[in-house]
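Each chain is listed here by its residues.
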Amino acid sequence: MDISKIVIRVASDVDKLKIVKLSKEWEQENSTYGFYADEIEYINENRCFVACYEENIVGYIMGNLCESKKMKSIMQEGTQYFEVEEIYITPKYRNFGIGSMLFDYLENVLSNENIKEMLLSTATKDYESILNFYIKRKGMQFWSARLFKHL
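The rules behind these values
- The written sequence of each chain sets the order in which its residues are numbered from 1.
- Where totals are concerned, whole chains, interfaces and linings use all residues; where local detail is concerned, this predicted model gives features only for residues with pLDDT of at least 70, and gives and counts side-chain atom pairs only at 80 or more.
- With hydrogens and water stripped out, all remaining heavy atoms of the structure feed into the side-chain values.
- Secondary structure follows DSSP: runs of H or I at least 4 residues long count as helices, runs of E at least 2 residues long count as strands, and numbering of each begins at the N terminus.
- Atoms considered for the radius of gyration are the C-alpha atoms alone. The globule rule reads 2.2 Å times the number of residues to the power 0.38.
- For each residue, the accessible area found with a 1.4 Å probe, counting protein chains only, is set against the maximum for its type, and the residue is called buried under 20%, exposed over 50%, and partly exposed in between.
- Throughout, a residue-residue contact means that at least one pair of heavy atoms, one from each residue, lies within 4.5 Å.
- Accessible areas in this description were obtained via Shrake-Rupley with a 1.4 Å probe; residue shielding takes into account the shown protein chains only.
- For the purpose of charge, His is not counted, nor are the chain termini; Lys and Arg are scored as positive and Asp and Glu as negative.
- Note that the charge is assigned to NZ on lysines, CZ on arginines, CG on aspartates and CD on glutamates.
- Between any two strands, pairing holds if DSSP finds at least two bridges.
- Orientation is described by axes fitted as lines to C-alpha atoms, over the contacting stretch for helices, and by angles from 0 to 180 degrees between their N-to-C directions.
- Ring pairs shown here join Phe, Tyr and Trp side chains whose ring centres sit within 6.5 Å, with only the six-membered ring taken for Trp; geometry is labelled stacked below 30 degrees between planes, edge-to-face above 60, and tilted in between.
- The span you would expect from a helix comes to 1.5 Å times its residue count less one.

Chemist: Can you tell me about the overall build of the protein, naming the residues and giving the values?
Modeler: A count of helical and extended segments in the protein gives 4 helices and 5 strands. Along the protein, from the amino end to the carboxyl end, the secondary structure elements read β-α-α-β-β-β-α-β-α. Computed over C-alpha atoms, the radius of gyration of the protein comes to 16 Å, within 12% of the 15 Å expected from 2.2 N^0.38 for 151 residues, which places it in the range of a compact globule. If one aligns the C-alpha atoms of the protein with their principal axes, the spans along those axes are about 45 × 45 × 30 Å. Residue burial in the protein is summarised as follows: out of 151 residues, 39% are buried. Sequence separation of 24 or more characterises 61% of the internal contacts of the protein that already satisfy a separation of 6 or more. Of the accessible surface of the protein, which amounts to about 9,900 Å², a share of 49% is contributed by carbon and sulfur atoms. Taken together, the 19 basic and 23 acidic charged side chains of the protein have centroids lying 3 Å from each other.

Chemist: Outline the sheet that holds strand β4 (residues 80-89), listing residues and values.
Modeler: Overall, mixed pairing links the 5 strands, which are arranged β1-β2-β3-β4-β5 in an open sheet. Two strands bound the open sheet, and with one partner strand each, they are β1 (6-10) and β5 (118-120). Neighbour to neighbour, the strand axes of the sheet diverge by 25 degrees on average, direction disregarded. The sheet contacts of helix α3 (residues 98-112) involve β1, β2 (47-53), β3 (56-67), β4 and β5, and relative to β2 the element is tilted by about 140 degrees.

Chemist: Kindly report on unusual backbone geometry, identifying the contributing residues and their values.
Modeler: Its identity is not glycine, yet Glu54 carries a phi of approximately 50 degrees, on the positive side. Of note, Glu54 is situated in the loop between β2 and β3. Its relative accessible area of 49% is what places Glu54 among the partly exposed residues. The backbone of Asn95 sits at a positive phi, close to 70 degrees, despite the residue not being glycine. When you line up the elements, Asn95 lands in the loop between β4 and α3. Classification of Asn95 as exposed rests on a relative accessible area of 80%.

Chemist: Report on the packing of aromatic side chains, specifying residues and quantitative values.
Modeler: Scanning all chains against the criterion turns up 8 aromatic pairs. Note on Tyr53 and Tyr93: the rings are 5.7 Å apart at their centroids and 55 degrees apart in plane angle, and the pair reads as tilted. With Tyr53 in strand β2 and Tyr93 in the loop between β4 and α3, this residue pair connects regions lying 40 residues apart in the sequence. Assigned by exposure class, Tyr53 and Tyr93 land together as buried.

Chemist: Which residues make up helix α1 (residues 13-29), and what are the values?
Modeler: With 17 residues, α1 extends 25 Å from end C-alpha to end C-alpha; this agrees with the ideal 24 Å at 1.5 Å per step. If you check which residues of α1 are buried, you get Asp15, Lys16, Ile19, Val20, Leu22, Ser23 and Trp26. In the segment just after α1, Asn30 is the residue with positive phi, at about 55 degrees.

Chemist: Tell me about the side chain of Thr90, and please be specific about residues and values.
Modeler: Checked against the element boundaries, Thr90 lands in the loop between β4 and α3. Its relative accessible area of 9% is what places Thr90 among the buried residues. Setting aside residues no more than four positions away along its own chain, Thr90 makes contact with Leu22, Glu25 and Val58.

Chemist: Mind laying out the side chain of Ser100, listing which residues take part and the relevant values?
Modeler: Tracing the backbone through its elements, the reader meets Ser100 in helix α3. Beyond its immediate chain neighbours, meaning those up to four positions away, Ser100 contacts Phe133, Arg137 and Lys138.

Read these as spatial facts, not as claims about activity.
What follows is the structure in structure tokens.
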């Protein structure tokens, strides 16, 4: 695959309908605890960006601007931040750097809007790969963890 052919852009209304389909694929993977496919209404509530390869959407990232409350250990009360709700790359296109490209694009957009903070939570079953991606490669810091055990 020629990574130089990847285009990252703001999702159009047509793209958002395709994100619904990708979300269903993600649910079928069963790679994340408690993930259910998104409906178009939910996607429309978020800011969405897509990664395209030869006119096909191969991944997306989406989330919202929020204002901090009860997060004093990481940011001042009332600080605007972007909450990443989802980032997904189709299995065939993983490990080519597309997730990094989406993440970097979003960071650039947010910097241009003077947003200084970004948060995300993950429920992936492959926590080691997520920690490697977000902490080691993307420079995020660990804030908290929520663990569970079925008894």
